[in-house]
Amino acid sequence: MERLATLEDLPKEYVEALTAKNVVPLWPSLRDVLPPYTPKPKTQTIAWKYQEIRPLLMQAGELTPIEKAERRVLVLANPGHKLENMCATSVMYLGLQLLLPGEWAPSHRHTPNAVRLIVEGNGAYTSVDGEKCEMERGDLILTPSGMWHEHSHDGDSEVVWLDVLDLPLVYYAEASYVEEGEKVKGEHSTIPVIYGPGIVPTENFQRNNAQYPILRYPWANTKKSLESIASNEDVDMVQVTYINPETGKDAQNVIGFSAIMLRPNEVLRLPRRSCAVIFHIIEGKVVVDVDEVRHELINSDTSCAPCFAHITLTNQNDTPAFIFVADESPFQKKLGLYSERQRTDV
């Protein structure tokens with residue numbers, strides 16, 4: 001495409017006159033906001049090593065009581081979006097949250113959608129609209145927009161989870177806010193027992209918000225499904241998607257969640273997609289190659305890849321590896337923006 005004129009090509013007095021009227025010329029910035037063929041993402045390829053961050057998170061537990069923090073979180077920030085903006089991608093926020101034995105993170109609800117992927121520990125639980133969701137390593141727990149939730153810890157060791165929110169998008173839309181609530185005693189849920197492979201209740205029941213019939217997706221069930229799929233040698237990519245069993249749609253509206261199993265020593269080349277992607281290692285040792293950048297990841301490490309990147313996942317062990325994935329595809333599909341492209345390195 002032809003090079004366009006810049007601000008420097010315009011008389012200084014003219015630019016000053018435009019500025020005084022709160023208007024700007026489009027053409028000097030046109031190639032930035034509408035780049036040819038491929039976006040220019042601010043999202044950088046980056047990895048956050050859990051064993052490097054964990055001591056700092058534990059130190060936060062010593063330095064700041066939960067009453068002074070409300071949510072004790074270290075945000076996984078992408079430097080491409082500037083650290084103070086607390087973005088992992090343009091749509092996704094990530095944070096490692098710590099809850100110590102006997103602590104209670106008070107009840108509130110907010111406009112951003114959130115999920116919790118449990119990283120370590122047990123004995124804690126999240127109550128979502130009064131439904132008690134116990135936390136076990138690898139579990140995915142939803143706290144959708146507008147639903148009251150709180151975190152409690154009755155165990156005897158630290159519990160850490162990975163928060164994934166659509167906060168950057170909601171904040172950009174100037175729609176982000178929170179409301180405080182009263183402590184609610186969570187009750188055990190029968191939902192995971194009722195919803196099973198290929199079955200749903202004939203009618204919705206026992207749900208204040210039928211839009212989210214399942215709030216906790218136990219890792220034990222997810223892992224079992226992945227292992228069953230992997231037993232079929234004709235399947236090239238072993239992956240499951242977290243969905244709403246009543247509708248068949250994504251578990252939440254903006255961010256998509258899935259899990260991948262890499263067979264022993266498997267090399268998996270992903271398609272180039274228009275959305276940024278987050279990878280979190282639940283089990284195993286995985287090399288994540290994103291374009292020219294390589295990250296060697298182990299249990300509880302997290303990495304980020306921008307849109308249209310060439311991504312290759314390599315299992316370095318003789319045992320399976322399991323990866324939790326978050327991406328922006330539901331949001332992009334709703335806007336008609338989602339696409340995939342052929343890889344150019346194979």
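**Student:** Could you clarify how one ought to interpret the nonpolar core in this entry?
**Tutor:** A general tendency of soluble globular proteins is for nonpolar side chains to be buried together. Grouped together as the largest cluster of nonpolar side chains are 56 residues, with contacts concentrated most on Leu96, Leu140, Val164, Tyr242, Phe257 and Phe324. Once residues lying within four places of it in the same chain are set aside, the contact partners of Val164 are Tyr93, Leu94, Asn113, Ala114, Val115, Ile255, Phe257, Phe324 and Ala326. In terms of nonpolar packing, the next biggest core, distinct from the first, is built from 19 residues, Phe279, Ala309, Leu313 and Val325 among them.

**Student:** How do you make sense of the pattern of salt bridges when you look at a structure like this?
**Tutor:** Taken as a whole, this structure holds 9 salt bridges when the rule is applied. We note a salt bridge from Arg54 to Glu120, for which the minimum N-O separation is 2.6 Å. One end of the pair, Arg54, is in helix H3 (residues 50-63); the other, Glu120, is in strand S5 (residues 114-120), and 66 residues separate them in sequence. Classification of Arg54 by relative accessible area gives partly exposed; the value is 22%. In this structure Glu120 comes out as buried when scored by relative accessible area, which is 18%.

**Student:** Where do I start with H3 in this structure?
**Tutor:** Each turn of an α-helix holds 3.6 residues, which means side chains three or four residues apart point in the same direction. Between its terminal C-alpha atoms H3 stretches 20 Å, which fits the 20 Å expected from 14 residues at 1.5 Å a residue. Burial in H3 covers these residues: Tyr50, Ile53, Leu57, Met58, Ala60 and Gly61. All buried residues of H3 fall inside an arc of 150° around its axis, so they share one side. Turned more than 90 degrees away from the buried face of H3, the exposed residues are Gln51, Glu52, Glu62 and Leu63. At its buried positions, H3 is contacted by strand S1 (46-48), strand S2 (73-75), strand S3 (93-99), S5 and strand S10 (159-165).

**Student:** Explanation requested: helix H7 (residues 219-230) in the structure shown.
**Tutor:** In this model, H7 (12 residues) spans 16 Å end to end at C-alpha, consistent with the 16 Å of a helix rising 1.5 Å per residue. The elements touched by buried residues of H7 are strand S13 (216-217), strand S14 (238-241), strand S15 (256-262), strand S18 (277-283) and strand S23 (321-327).

**Student:** Sorry, what's going on with the state of the cysteines here?
**Tutor:** Note on terminology: disulfide describes a covalent bond linking the sulfur atoms of two cysteines. Evaluated as defined, the whole model comprises 0 disulfides. Free of any disulfide, Cys87 has its nearest neighbouring cysteine sulfur in Cys304, separated by 11 Å. Cys275 supplies the cysteine sulfur nearest to Cys307, a cysteine that is in no disulfide, at a spacing of 8.6 Å. Residue classification places Cys307 among the buried positions, given a relative accessible area of 15%.

**Student:** Explanation requested: the side chain of Glu150 in the structure shown.
**Tutor:** Looking at the secondary structure, you find Glu150 in strand S9 (residues 149-153). Only 3.2 Å separates the side chain of Glu150 from the side chain of Trp104, close enough to count as a polar contact.

Basis of the calculations
- Residues numbered from 1 in each chain as written.
- Predicted model: local features only at pLDDT ≥ 70, side-chain atom pairs only at ≥ 80, totals over all residues.
- Heavy atoms only, no water.
- Core = buried A, V, L, I, M, F, W, Y, C linked by side-chain atoms within 4.5 Å.
- Buried < 20%, exposed > 50% of the residue type's maximum accessible area, 1.4 Å probe, protein only.
- Contact = heavy atoms within 4.5 Å.
- Salt bridge = Lys/Arg side-chain N within 4 Å of Asp/Glu carboxyl O.
- Helix = DSSP H or I, 4+ residues; strand = E, 2+ residues; numbered from the N terminus.
- Expected span 1.5 Å × (residues − 1).
- Arc of directions from axis to C-beta.
- Disulfide = S-S within 2.5 Å.
- Polar contact = N/O pair within 3.5 Å; in protein donor to acceptor, adjacent residues only side chain to side chain.

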